[in-house]
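# An overview of the molecular structure
As a plain string of letters, each chain reads:
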Amino acid sequence: MLAIIKRDFRSYFNSPIAYVLIGLFICIMSLFFVDSLNAGIASFTTNFISSMSYLLLFIVPILTMRSFAEDKKSGTEVLLMTSPVRVYQVVLGKYLAATAVFLVMAVVSLVFPLVLLIYGKPDGATLFSSYLGFVLLGMVFISVGIFASSLTENQIVAAIISFVSLFALTSISFIGNYVGGFVGKVLDQLSFIERYYEFYYGIIDITSIIFMLSFAAVFVFLTVRILERKRWSQG
Amino acid sequence: MIEIKNLTKDYGKVKAIEDVSFTVEKGEIVGFLGPNGAGKSTTMNIITGFISSTSGTVRVAGHDILENPVEVKKHIGYLPEQPPLYQDMTVSEFLDFCASLKKVAPREWKSQKKDIMELVKVTHVSHRLIKNLSKGYKQRVGLAQALVGSPEVLILDEPTVGLDPKQIIEIRRLIKALGKNHTIILSTHILPEVSAICDRVIIINKGRIVAIDTPENLSRKLSDFSRFTITVAGPQKKVREILQGVEGVKDVEVSSTFNEDEASYIVEADKDIDVRKPIFNKLAAAGYPILELRSMNLSLEEVFLQLTTTEAKEVV
C-alpha cells in the first residue's frame, strides 16, 4: 500500500497537475483573501474558509480524475490487480496519495492565516476548527472523486461525474429545506455541508468528525466494490 | 503447478471460453495457440486473477485463485498483451515500484534488479523515462516487470507482438532461457513461435480447447494422409502412371524436375496403408530406381489451419 501511495504522490508532482492546481488554488484564494479582509476581521474566517471550500468543488475533481481512470487506460490496472495486494489496499493507497497532495495544498494555504496572525488578532480557535473542517471536507470530496474515477477510463468523464456528484451532495441541505417534512429532515441529517458549517462557527463536534470520516469511508468502500464487481462482471 | 478445470467465462450470452481444462507441469513451456478472439487473453486474465471465471477452478502451486488470491498472485509474473507500464517513471523507478508492490525484500532486490535488467538488456536505459522508450524496449521492461520477485510461473500474453524480427528472435531466446527455471505459459497466434519454444501446445478456437500435445505429435496425428516426397530416375509420364497405379495412393504431383529422366514427386496416400514397399517393388520392376524416399509430416501451420477450419473431433 505504501508503494502505491508513494508512486501516486510522486506522479502528481512529476506532472504539472499538482503544481497547477495548488498554484491556481492559492491564486484564487488570494483574491478572496483581499475581499474578505475588506469585509472586516470579525467575519473573516467564515467568509474566507467557506469560499475556500467552494473552490474545492472544482479543484478536487481535477485532482482525482486520473486516479483510476489513467490506470485503466494505460493498462497498469492489470499490474495492480494481479500483484499480491488486496483491492482495498490499492484503493486506500490511491485515496491517501490524493489526500496527501490535498494536505500539501492546505499547508501552503496556511500562508493566509499566517499573514493575519502577524498583522492582526484573529480568533485562533475558530481558525483552527475551520481548518479542521476544511481538511475533513477535502477528504470527503476526494473519496467521491476517487469513486468517480473508478467508474470510467476517461479522465474528463471522471472529472465531470465527480463535479456533478459533489455539487449534488453539497446541495442536499438546500433541497432538504425546500422539500421540508420528513424527507427534508433525512436529507438534512445526511448533509455533510451542514456538519461542515459547524466547524467554521468554531464548534468541534466529535459526531461531526466521525460523520465526515464515515462518509469518506463509504465512498472508499464503494470504490472497492466497483473494482471487484468489474472482475465478476458478465458483460 | 497449474491446474485448470472446466473454466467457463460468459459475457452475457457470449461464451468467451467454455469448459477449458488443462494442467501445466513444473518447468514446462506451454504455448497457447489460437486465432484472435479465441479466448487466449481471457484464460490468462482468469489464471492471473484479473477477472474471474463464471465457473471452473484455477489452482496454482496448490492454491485456489478464488480462495487465496494473494497467495496465487505471489507465484505468478504476468505480462499482459499491453505491457502495464507507468509512462512517467524511469525504468529503474518502475522496477523498484514493482518490487515493493510484490513485497520483494529490499536486501534481495538490489542484486535481483541488476540480474533482471541484464537479462532483458535494459541496463543502459534504466534512467530513461518509459514513455521515451521504443516499443521493443517497452516490451522488455514489461517482461522485466513480470520477472520481479522471480515468480515460479510466468504468464506471457503475446510477448513478441509488434516487435521487429531481430527483437522477436531475442525475446524467444530469452523465454527459452527462462524456461529452465520457470514454468511458462505463453500465448501467440504466430505458429513458428510455438514450434520454436514450446514443449507443449494448447490449441484453442472459439473458446474451446481443440488439441493439446507436443508440436511433433500434433503434426503427426493430424495428417489424414501420409505424404511422401519421392525422387525417381525415369520418364515422368511413366513414373506417374506407376505411382498412381499403386493401391492406396490418392494423388501424385510433380514437385520439381531435375532433368528429363529425374524428378521429385509428392505422393499422398491413405494413412492406413503403407505404400512404400509396393512403390519400391513396382518401380524396381519397371527399372526406375528410387533415388530418395522421405515422409513429410504436416507442418504445424497446416495443422493449425486444419484445426481451426474443420471440427477436428477425433483429434482430442
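Residues numbered from 1 in each chain as written. Chains lettered and ligands numbered in written order. Predicted model: local features only at pLDDT ≥ 70, side-chain atom pairs only at ≥ 80, totals over all residues. Heavy atoms only, no water.

### Focus: the interface of chain A and chain B
Listed by partner, the interface residues are 29 residues for chain A and 33 residues for chain B. Carbon and sulfur atoms make up 59% of the surface buried where chain A meets chain B, a total of about 2800 Å² over both sides. It is R7(A), P84(A) and R231(A) that lose the most area in chain A upon contact with chain B, and together they represent 26% of the buried surface on that side. At the junction of chain A and chain B, the tally comes to 2 salt bridges. For R10(A), the salt bridge is made with E93(B), and the minimal N-O distance between the two is 2.8 Å. Taken together, the connections running from chain A to chain B amount to 5 residue pairs in polar contact (both at pLDDT 80 or more). The set of elements that each furnish at least two residues to the side of chain A that touches chain B consists of α1 (2-14), α4 (66-74), α5 (76-81) and α12 (206-232) of chain A. The class makeup of the residues in the side of chain A that touches chain B is 9 nonpolar, 10 polar and 10 charged. (Contact = heavy atoms within 4.5 Å. Buried area = accessible area lost by both parts, 1.4 Å probe. Salt bridge = Lys/Arg side-chain N within 4 Å of Asp/Glu carboxyl O. Polar contact = N/O pair within 3.5 Å; in protein donor to acceptor, adjacent residues only side chain to side chain. Helix = DSSP H or I, 4+ residues; strand = E, 2+ residues; numbered from the N terminus. Nonpolar A, V, L, I, M, F, W, Y, C, P; charged D, E, K, R; others polar.)

### Observations concerning the pairing of strand β7 (residues 153-157) of chain B
All names here are of chain B. Most of β7 is tucked away: 5 of the 5 residues are buried. On β7, burial covers both faces: V153, I155 and D157 on one face and L154 and L156 on the other are all buried. Bridge count between β7 and strand β8 (residues 183-188): 5 bridges; the pairing is parallel. In the sheet register, V153 faces β8, and the bridge partner there is T183. Handedness of the crossover joining β7 and β8 through helix α6 (residues 165-178) is recorded here as right-handed. (Buried < 20%, exposed > 50% of the residue type's maximum accessible area, 1.4 Å probe, protein only. Pairing = 2+ DSSP bridges. Right-handed = clockwise from strand over helix to strand, strands pointing away.)

### Side note on the sheet that holds strand β6 (residues 76-79) of chain B
All names here are of chain B. What the 6 strands build is an open sheet, ordered β6-β7-β8-β3-β9-β10; its pairing is mixed. The outermost strands of the open sheet, each flanked by one partner alone, are β6 and β10 (208-213). On average, each strand axis in the sheet is inclined to that of its neighbour by 15°, with strand direction left out of account. The strands that helix α1 (residues 40-47) touches are β3 (29-33), β6, β7, β8 and β9 (200-205); relative to β8, the one it contacts most, it runs at about 150°. Against the sheet, helix α5 (residues 135-147) touches β6 and β7, its axis set at about 165° to β6. (Axes fitted to C-alpha atoms, helices over the stretch in contact; angles between N-to-C directions.)

### Quick notes on the sheet that holds strand β5 (residues 63-64) of chain B
Residues and elements named next belong to chain B. Reading across the sheet, the 4 strands line up as β2-β1-β4-β5 and stay open at both edges, with antiparallel pairing between neighbours. Each edge of the sheet is formed by a strand with only one pairing partner; in this case those strands are β2 (14-24) and β5. Pairing between strand β1 (residues 2-11) and strand β4 (residues 55-60): 5 bridges, direction antiparallel. Residue pairing for β4: K5 is matched across the bridge by T57. Sitting on the sheet, α1 touches β1, β2 and β4, and the angle it makes with β2 is about 60°.

### Looking at a nonpolar patch on the surface
Residue and element names in this part refer to chain A. Taken together, I175, Y178, V179, F182, V183, V186 and L190 make up a surface patch of nonpolar side chains, about 760 Å² in accessible area. Those elements that provide at least two residues to the nonpolar patch are α9 (155-179) and α10 (181-190). Ranked by the residues each element gives to the nonpolar patch, the list is headed by α10, at 4 residues. Tracing the backbone shows I175 in helix α9. Classification of I175 by relative accessible area gives partly exposed; the value is 42%. (Patch = residues over 30% accessible without salt bridge, like charges linked within 9 Å, V, L, I, M, F, W, Y side chains within 5 Å. Areas by Shrake-Rupley, 256 points an atom, 1.4 Å probe, with all protein chains shown as cover.)

### Quick look at the nonpolar core
In this structure, F134(A), F192(A), F22(B) and F94(B) are the most contacted members of the largest nonpolar core, which totals 145 residues. Among the elements that line this core, the one with the most residues is helix α8 (residues 124-149) of chain A, at 12 residues. If we skip the residues at most four places from it in the chain, F134(A) touches F25(A), I49(A), M52(A), S53(A), L56(A), F102(A), A106(A) and Y196(A). Core analysis: the next-biggest nonpolar cluster, separate from the first, contains 17 residues, L243(B), V246(B), V249(B) and I279(B) among them. (Core = buried A, V, L, I, M, F, W, Y, C linked by side-chain atoms within 4.5 Å.)

### Considerations on α1(A)
Along its 13 residues, α1(A) runs 18 Å from first to last C-alpha, staying within 8% of the 18 Å computed at 1.5 Å per residue. Of the surrounding secondary structure, the elements contacted by the buried residues of α1(A) are α2 (17-38), α3 (44-64), α4, α5 and α6 (87-108) of chain A together with α3 (91-101) of chain B. (Expected span 1.5 Å × (residues − 1).)

### Quick look at the domain arrangement of chain B
Looking at chain B, the domain boundaries give domain 1 (2-220) and domain 2 (224-296). Relative to domain 2 of chain B, the C-alpha centre of domain 1 of chain B lies at a distance of 46 Å. (Domains from an automatic or database assignment.)

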